[in-house]
Amino acid sequence: MSDFDADVIVVGSGSLGSMVALQLARAGKSVIVLEAGPETTDWKVTDNFRNSARQNNFNAPFPDVPYAPNSFSPGYISPHLEGIDVFPGTLRTVGGTSRHWTAATWRLLPEDMTLKSSFGLAVDWPITYDELEPYYCDAEYEIGVNGIADFDESGQGLGYTYPPRSRPFPLPAEAKPYAIQRLQQQIATKGYRVDVAPSSRISKPYDGRPACIGNNMCNWNCPIGAKHSGYHVVEKIRKLGVDLRSNAVVHKIETAADGKVTALHYLTPNRATKRLTAKVYVLAGHGFETPKLMLMNNLGERSGMVGRNLMVHPTIDMTLLSSEPLWAGRGQNIHGAIMQRRNQPDRTRIPSTRYDLLNNPPTVGIADTALSERKIGTALDDEIYDRSARIFTFEALTEDLPDKANGISLNTNFKDSLGLPGLRLDYRISDYTKANLPRLMDDFANFLQATQGTRVSPPTTWICQQHIMGTVRMGNQAEDAVVDRDLRCFDHQNLFLVTTGVMPTAGGVNPTLTGMALAIRAGQHIAKEV
Amino acid sequence: MSMDRRSFLISLALIPPAVYWSTSVLADGSVSDAFMQVSRIITGADNLTPGAAARIEGLLSERHPGFAAHLATLYTALAASPSREAGLSVLTGNDLDTALIIAKPWYLGYVGTPSGRILKDDAEFATFLDMQAYAKTDSIIPAQSYPPGPAGWWQDTPRGVDASDLPEGATTWAYQPLKTYTIAAPDPAWRAYAAGHFDSIEAARASLGKGAEQ
């Protein structure tokens, strides 16, 4: 009989936690996955969405339970923000926050991982792009990613595949909506190149999932499972015998004198407690809950970096009315992107930026505005039709840099139903981010002129993405990082942190594919140790 | 509530027996019938479902004191008009307020103000399938989770759009309009307009001189 309850215990069942568990289970290891939140099926989430008054709130269709509040639960986050007034929505449910991701699957560029040596900014990663590249491929083939051959993701017109890839995209690109076909012609006149945005909203049946048919509610949930989410990997690990326990809120982590973790404890919603042991422990509770658990248990303290260096990809939307009908809102929520601002030589002073060409259905927002202008009857109907045909939004997602002052800490003024604290969130828009505004305005002016458009909203309000990076960053030494290149805690030999919170810099693209590549790498590494 | 209902019933007696919209107008004099008729006039849709109408009427009655009386007054005003547009276009004051209150849940699918960032607000669900915001695009933009066809339908040119000038191959991602791209410096007038310094490009051009190209 084993001395442990499992070879490995993974805390968190999201896209990264389940991916680690999958590697371990495939290697024949015994694994327990603990998920704080409840399980909600995809069909139920879709039903909740259709019957929700909050279809503008990504968290609304998912469980909001008193024993596992999420970042949008009232009072759970105490925000202290400057220059930005929103914070990321995270979920605590089986499958994790990837239940409501857009499935944008960009790779980082080598330069994104060498910001210090390439541009004199922030820090370099302790691993290189070349080391991570095979795991990017593994992640892409595990979840199914669409893309085109010879794709230069840097947007610099290189004329060849960049960053380098050892295997092609597993799936062809999805169909190109009319709005992009037309807009591509228009903005090319000002020198902008539109490319397909790689995604895991699959273009053909793959691994038991059907092709996307354009339900266009990707941000909430895919009604048919065409979009990858951590829930799909949960199904795989269950078939491999992984013991997944939902409603299991980990709160206490025991350590020995040498720093090794010896046990962890979880609470059930009715406050029953359970102690579990394993050879190796993995915390994969996203970029908020992972550092929260570390802070609650005084772990990883040597670096002073737990919970710090939060990066969220500051974002500005530019919305216009084109002079001719485009009919955005047909298809998926994002199809195309402009990458030319991603890796320019002046990145030393102006952040990496990617423009997403948004394709969300605009009609409800347009109707809301028209009603507030007291339009009714034919005037209202005509306004909805006309503006829905012509409206288009460019979303500028920008790179932010690590700053120790930005981050999360414990919010002891909040107690959930188990008596556990909430989170305080500190974030300030930096001068580096602000330095981007003149260029963003230049581009918006060009977009307006190219479409002979009408300005709906000037780009002045910073929002953020649902991306959380930096809060338990990796590095080469315990003095300024929480985990090493294998995601092992410097202070706790058998504790690994698998979260996008380990990313020391943010790049200018969505972090989830990178997180999954890191998770696969860590999972295979851990499997060799236990 | 009882006063509102009495007021409403009194007003109903003043309504002409034959109005323009439907053969089932006020068949039994119930509040729901009146609400349904007013809703049909406001939305221009004759396929509103009774269940959604009952839910919306209930929500509005709870949230707006005197709603039934306002509804009755609005009904009287609309019933006296020869057409939807004639009736709605002349509404003012309380009647217009009431019409907008009724329009909101039908067009947006909710009452109240939903929050996009916190799970606490005063919003309540009204309808999804009867939501008029999508219907008014002539279904060119389908309601979320109700796509009209198999994978790739969104590549087709939307109904009523002339795409004959698009180059061959523009429907594919491999296609690019140019071989190389160089981002242009922005025109000063468009730049000033984009930044919100002027309300229109014409105003920006007038202020900044020669301004932008057409």
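Residues numbered from 1 in each chain as written. Chains lettered and ligands numbered in written order. Predicted model: local features only at pLDDT ≥ 70, side-chain atom pairs only at ≥ 80, totals over all residues.

### Points about the overall build of chain B
- Broken down by element type, chain B carries 9 helices and 2 strands.
- Each helix and strand of chain B, ordered N terminal to C terminal, gives the series α-α-α-α-α-α-β-β-α-α-α.
- Counting across all 214 residues of chain B, residues that qualify as buried make up 37%. (Helix = DSSP H or I, 4+ residues; strand = E, 2+ residues; numbered from the N terminus. Buried ≥ 20, exposed ≤ 12 C-beta atoms within 10 Å, placed from the backbone.)

### Looking at the overall build of chain A
- Looking only at helices and strands, one finds 12 helices and 21 strands in chain A.
- Radius of gyration (C-alpha) of chain A: 22 Å, near the 24 Å computed for a compact globule of 530 residues.
- In terms of overall dimensions, chain A has a C-alpha envelope of 70 × 50 × 45 Å along the principal axes.
- Residues classed as buried in chain A amount to 62% of the 530 residues present. (Rg over C-alpha atoms; globule rule 2.2 N^0.38 Å.)

### Re the sheet that holds strand β20 (residues 488-489) of chain A
Residue and element names in this part refer to chain A.
- Strand order in the open sheet made by the 6 strands is β7-β2-β1-β11-β21-β20, with mixed pairing throughout. The sheet is open, and its two edges are formed by β7 (243-245) and β20, each paired on a single side.
- Pairing of strand β1 (residues 6-11) with strand β11 (residues 278-283) involves 5 bridges; the strand directions are parallel. Within β11, the position partnered with V8 by the bridge is V280.
- Of the strands in this sheet, β1, β2 (31-34) and β11 are in contact with helix α1 (residues 15-26), which crosses β2 at around 170°. (Pairing = 2+ DSSP bridges. Contact = placed C-beta atoms within 7 Å. Axes fitted to C-alpha atoms, helices over the stretch in contact; angles between N-to-C directions.)

### Quick word on the environment of E383 of chain A
All names here are of chain A.
- Tracing the sequence through the fold places E383 in helix α9 (residues 378-390).
- For E383, a count of 18 C-beta atoms within 10 Å gives the class partly exposed.
- In this structure, the C-alpha to C-alpha distance between E383 and E174, residues 209 residues apart in sequence, is 31 Å.
- With residues up to four places along the chain from it excluded, the contact list for E383 reads A370 and K375.

### Some words on the pairing of β1 of chain A
All names here are of chain A.
- Counting buried residues in β1 gives 6 out of 6 residues, a clear majority hidden from the surface.
- Bridge count for β1 against β2 is 4 bridges, and the pairing is parallel. Paired with V11 across the bridge in β2 is L34.
- In this fold, β1 hands off to α1, which returns the chain to β2; that crossover is right-handed. (Right-handed = clockwise from strand over helix to strand, strands pointing away.)

### Digging into the interface of chain B and chain A
- Listed as interface residues are 71 residues of chain B and, on the opposing side, 68 residues of chain A.
- Broken down by secondary-structure element, the contributors of at least two residues to the side of chain B that touches chain A are α5 (84-89), α6 (93-108), β2 (124-125), α7 (132-135) and α8 (188-194) of chain B.
- Ranked by residues supplied to the side of chain B that touches chain A, first place goes to α6 of chain B with 7 residues.
- Grouping the constituent residues of the side of chain B that touches chain A by class yields 43 nonpolar, 17 polar and 11 charged. (Nonpolar A, V, L, I, M, F, W, Y, C, P; charged D, E, K, R; others polar.)

### Structural notes on the confidence of the model for chain B
All names here are of chain B.
- Of all residues in chain B, 83% have pLDDT values of 70 or greater, and the mean over the chain is 86.
- Low pLDDT, under 50, characterises residues 1-31; the predicted model gives this stretch 43 contacts beyond four residues in sequence or across chains.
- Interface confidence for the predicted complex, given as ipTM, is 0.93, next to a pTM of 0.94. (pLDDT = per-residue confidence, 0-100.)

### A few points about the sheet that holds strand β16 (residues 407-415) of chain A
All names here are of chain A.
- Strand order across the open sheet formed by 3 strands is β3-β17-β16, with mixed pairing between neighbours. Edge positions in the sheet fall to β3 (77-82) and β16, since each of these pairs with one other strand and no more. Here the average twist between neighbouring strands, direction ignored, is 25°.
- Across the face of the sheet, helix α7 (residues 286-296) comes into contact with β16 and β17 (421-428) while running at roughly 70° to β16.

### Thoughts on helix α9 (residues 201-208) of chain B
Residues and elements named next belong to chain B.
- Where α9 is concerned, the buried positions are I201, A204 and R205. Axial view of α9: buried residues confined to an arc of 100°, hence all on one face. Facing away from the buried surface of α9 by more than 90 degrees, the exposed residues are E202 and A206.
- Residues of α9 that are buried sit in contact with α8. (Arc of directions from axis to C-beta.)

### Quick notes on the packing of helix α4 (residues 67-79) of chain B against α6 of chain B
Residues and elements named next belong to chain B.
- Running from N to C, α4 and α6 point in directions that differ by 105°, and their axes come no closer than 9 Å. When the interaxial angle is binned, α4 and α6 end up roughly perpendicular. Facing α4, whose interface residues are H70, L71, T73, L74 and A77, α6 presents N94, D95, T98 and A99. (Parallel < 35°, antiparallel > 145°, perpendicular 65-115°, else oblique.)

### What about α1 of chain A?
Residue and element names in this part refer to chain A.
- With 12 residues, α1 extends 16 Å between its outermost C-alpha atoms, agreeing within 8% with the 16 Å of an ideal straight helix rising 1.5 Å per residue.
- Among the 12 residues of α1, 11 are classified as buried, and the element is accordingly described as predominantly covered.
- Taken together, the buried positions of α1 are occupied by S15, L16, G17, S18, M19, V20, A21, L22, Q23, L24 and A25.
- Looking at the packing, one finds that the buried side of α1 touches β1, β2, α6 (230-239), β11 and α12 (512-529).
- The positive-phi residue at the C-terminal boundary of α1 is G28, with phi of around 85°. (Expected span 1.5 Å × (residues − 1).)

### Here we look at the nonpolar core
All names here are of chain A.
- Ranked by size, the top nonpolar core spans 213 residues in total, and within it V20, V282 and V498 carry the most contacts.
- Taken domain by domain, this core gets at least three of its residues from each of domain 1 (1-116 + 226-310 + 403-421 + 466-530) and domain 2 (146-197 + 314-398 + 429-464).
- When near neighbours in sequence (up to four residues on either side) are disregarded, V282 contacts V8, V10, V11, V20, F496 and V498. (Core = buried A, V, L, I, M, F, W, Y, C linked by C-beta atoms within 7 Å. Domains from an automatic or database assignment.)

### Here we look at the pairing of strand β15 (residues 391-398) of chain A
All names here are of chain A.
- Most of β15 sits out of view: 7 of its 8 residues are buried.
- Sheet topology places strand β14 (residues 353-358) next to β15; 5 bridges connect them, and they run antiparallel. Within β15, the residue paired with Y355 across the bridge is A396.

### Section: the packing of helix α4 (residues 129-143) of chain A against α12 of chain A
Residues and elements named next belong to chain A.
- As a packed pair, α4 and α12 sit with axes 8 Å apart at the nearest point and diverge in direction by 105°. Classified by the angle between their axes, α4 and α12 sit roughly perpendicular to one another. Residues L132, Y135, Y136, D138 and A139 of α4 lie in contact with α12, whose contacting residues are L513, M516, A517, I520 and R521.

### Examining the domain arrangement of chain A
Residues and elements named next belong to chain A.
- Partitioning chain A into domains gives domain 1 (1-116 + 226-310 + 403-421 + 466-530) and domain 2 (146-197 + 314-398 + 429-464).
- In this structure, domain 1 and domain 2 have C-alpha centres spaced 31 Å apart.
- With 17 residues of domain 1 in contact, the opposing surface of domain 2 contributes 19 residues.
- Across the side of domain 1 that touches domain 2, the residue classes tally to 9 nonpolar, 4 polar and 4 charged.

### Details of the environment of L91 of chain A
All names here are of chain A.
- Along the chain, the position of L91 falls in the loop between β3 and α3 (115-119).
- Since 28 C-beta atoms lie within 10 Å of it, L91 is described here as buried.
- Between the C-alpha atom of L91 and that of A257, which follows or precedes it by 166 residues, the distance is 34 Å.

### Regarding the environment of Y110 of chain B
- Here Y110 of chain B shows up in strand β1 (residues 110-111).
- The spatial distance from the C-alpha of Y110 of chain B to the C-alpha of R84 of chain B is 23 Å, given a sequence separation of 26 residues.
- Setting aside its immediate chain neighbours within four residues, Y110 of chain B contacts A53 of chain A together with P105, A123, E124, F125 and A126 of chain B.

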